[in-house]
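Residue strings, one per chain:
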Amino acid sequence: MNKQPIGIFDSGVGGTSIWKAIHALLSKENTIYLADSANAPYGPKGKEAILALSEKNTEYLLNQNCKLIVVACNTATTNAISYLRQKYDVPFIGIEPAIKPAALQTKTKAIGVLATRGTLTSQLFCDTAQLYSNGIKIIEQEGEGIVQLIESGHIDSDQMTMLLKTYLKPMLAANIDYLVLGCTHYPYLIRQLLSLLPSHVKIIDSGEAVAKQTKAVLGQHNLLNLSDSKSVLQFYSNGNPLVMESLLGDPYKVDYLKF
């Protein structure tokens, strides 16, 4: 079973930021990445719709004999991962905004969280924020429109810059020193964010932590691939494959898949 692939799904191309971290740490592992770009973003959708989409993605990956599934989407994790763990007999790795490290390290006692509506309004996010908000101000900001621009290949557009400036303004007014990225699409904006933020503001995303957790869980279940054969890396999207290919870079190819 060790050679069976790791399955990874997201509402679109953003979860490739998580895939990159996993592949960098676990280069021997075979992976299947599923981008549900036709339904992106998940954030504005209601809980029932998010559950249904997450179930659909999981079923596809299990049919490909995946040994572990990474829910590389903050909104899907916060709304659906408990349900998925109850229903399916494989390990699941989820993504949560990294509020804890930001809250523990902040000097200004103010941190910003940029996320989708589906994440910010979820019970899991609210519980986590409440747990670490004692004496710390958390400025939550919905990144409306960001995912759509990334999914359509407009990362470096003037419209994106305008949105980021608008969303960062209340955070900077509150004197944040940490910005937590609460959507797996958002690490692709780090270069722009750094150009808009004061030098003392640090950005935290979940990629490295998720990769380490994936390795740990594979080890706990004796599922690590110890083979020396070259890993098989598969990428599927029900949107425009060229957008994901531009983010992955050479030599990776993305296949269109209607699902």
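These numbers come from a predicted model, not from an experiment.

*Asks:* What is the right way to look at the overall build of the chain in this model?
*Replies:* A count of helices and strands for the chain gives 11 helices and 10 strands. Taken over C-alpha atoms, the radius of gyration comes to 18 Å for the chain, in line with the 18 Å a tight globule of 259 residues would show. Across its three principal axes, the chain shows a C-alpha extent of roughly 50 × 35 × 35 Å. Here the chain, with 259 residues, has 56% of them falling under the buried criterion. Expressed as a percentage of contacts within the chain between residues at least 6 apart in sequence, the contacts between residues at least 24 apart total 74%. Carbon and sulfur atoms make up 51% of the accessible area of the chain, which totals about 11,700 Å². For the chain, the separation between the mean place of its 23 positive charges and that of its 22 negative charges on side chains is 5 Å.

*Asks:* Quick question: what am I supposed to make of the nonpolar core here?
*Replies:* Note on soluble globular proteins: their nonpolar side chains tend to be buried together. By size, the foremost hydrophobic cluster in this structure holds 50 residues, and its most contacted members are Val70, Ile146, Leu179 and Leu189. Among the nonpolar cores identified, the runner-up in size contains 20 residues, and Phe9, Leu53, Tyr88 and Phe92 belong to it.

*Asks:* Just to check I follow, could you spell out helix α1 (residues 16-25) for this structure?
*Replies:* Residues separated by three or four positions in an α-helix point in the same direction, a consequence of the helix having 3.6 residues per turn. Burial of α1 is extensive: seven of the 10 residues sit out of reach of the surface. Thr16, Ser17, Ile18, Trp19, Ala21, Ile22 and His23 are the residues of α1 that are buried. Check the buried side of α1 and you find it contacts β1 (6-10), β2 (31-35), β3 (68-71), α10 (207-220), β9 (233-237) and α11 (241-248).

*Asks:* Would you mind showing me how to read the state of the cysteines here?
*Replies:* Simply put, disulfide is the name for a covalent bond between the sulfur atoms of two cysteines. According to the stated counting rule, one finds zero disulfides in the structure shown. Free cysteine Cys126: the closest other cysteine sulfur is in Cys73, separated by 16 Å. Here Cys183 is not cross-linked by a disulfide; its sulfur's nearest cysteine counterpart is in Cys73, at 6.7 Å.

*Asks:* Honestly, the environment of Ser199 in this entry has me stumped. Any pointers?
*Replies:* Relative to the assigned elements, Ser199 resides in the loop between α9 (190-196) and β8 (202-204). You can call Ser199 exposed: its relative accessible area is 80%. Along the sequence, Ser199 and Thr116 sit 83 residues apart, while their C-alpha atoms lie 25 Å from each other.

*Asks:* Mind showing me how you'd approach the packing of aromatic side chains here?
*Replies:* For any pair of aromatic rings, the description consists of the separation of the ring centres together with the inter-plane angle of the planes. Applying the stated rule across the entire model yields seven aromatic pairs. With a centroid separation of 4.9 Å and an interplanar angle of 75°, the aromatic rings of Trp19 and Phe235 are classed as edge-to-face. Residue Trp19 is located in helix α1, and its partner Phe235 is located in strand β9; the two are separated by 216 residues in the primary sequence. Relative accessible area serves as the criterion here: at 2%, Trp19 is assigned to the buried category.

*Asks:* Would you explain the pattern of salt bridges in this entry?
*Replies:* Under the defined criterion, the tally for this structure stands at seven salt bridges. For the salt bridge of Arg191 with Asp156, the shortest nitrogen-to-oxygen distance reads 2.6 Å. Of this pair, Arg191 sits in helix α9 while Asp156 sits in the loop between α7 (146-151) and α8 (158-173), and the two are 35 residues apart along the sequence. The same class applies to Arg191 as to Asp156, namely exposed.

The rules we used
Residues numbered from 1 in each chain as written. Predicted model: local features only at pLDDT ≥ 70, side-chain atom pairs only at ≥ 80, totals over all residues. Heavy atoms only, no water. Helix = DSSP H or I, 4+ residues; strand = E, 2+ residues; numbered from the N terminus. Rg over C-alpha atoms; globule rule 2.2 N^0.38 Å. Buried < 20%, exposed > 50% of the residue type's maximum accessible area, 1.4 Å probe, protein only. Contact = heavy atoms within 4.5 Å. Areas by Shrake-Rupley, 256 points an atom, 1.4 Å probe, with all protein chains shown as cover. Lys, Arg positive; Asp, Glu negative; His and termini not counted. Charge placed at Lys NZ, Arg CZ, Asp CG, Glu CD. Core = buried A, V, L, I, M, F, W, Y, C linked by side-chain atoms within 4.5 Å. Disulfide = S-S within 2.5 Å. Phe/Tyr/Trp six-rings, centres within 6.5 Å; stacked < 30°, edge-to-face > 60°. Salt bridge = Lys/Arg side-chain N within 4 Å of Asp/Glu carboxyl O.

Purely spatial values, then, with no claim about function.
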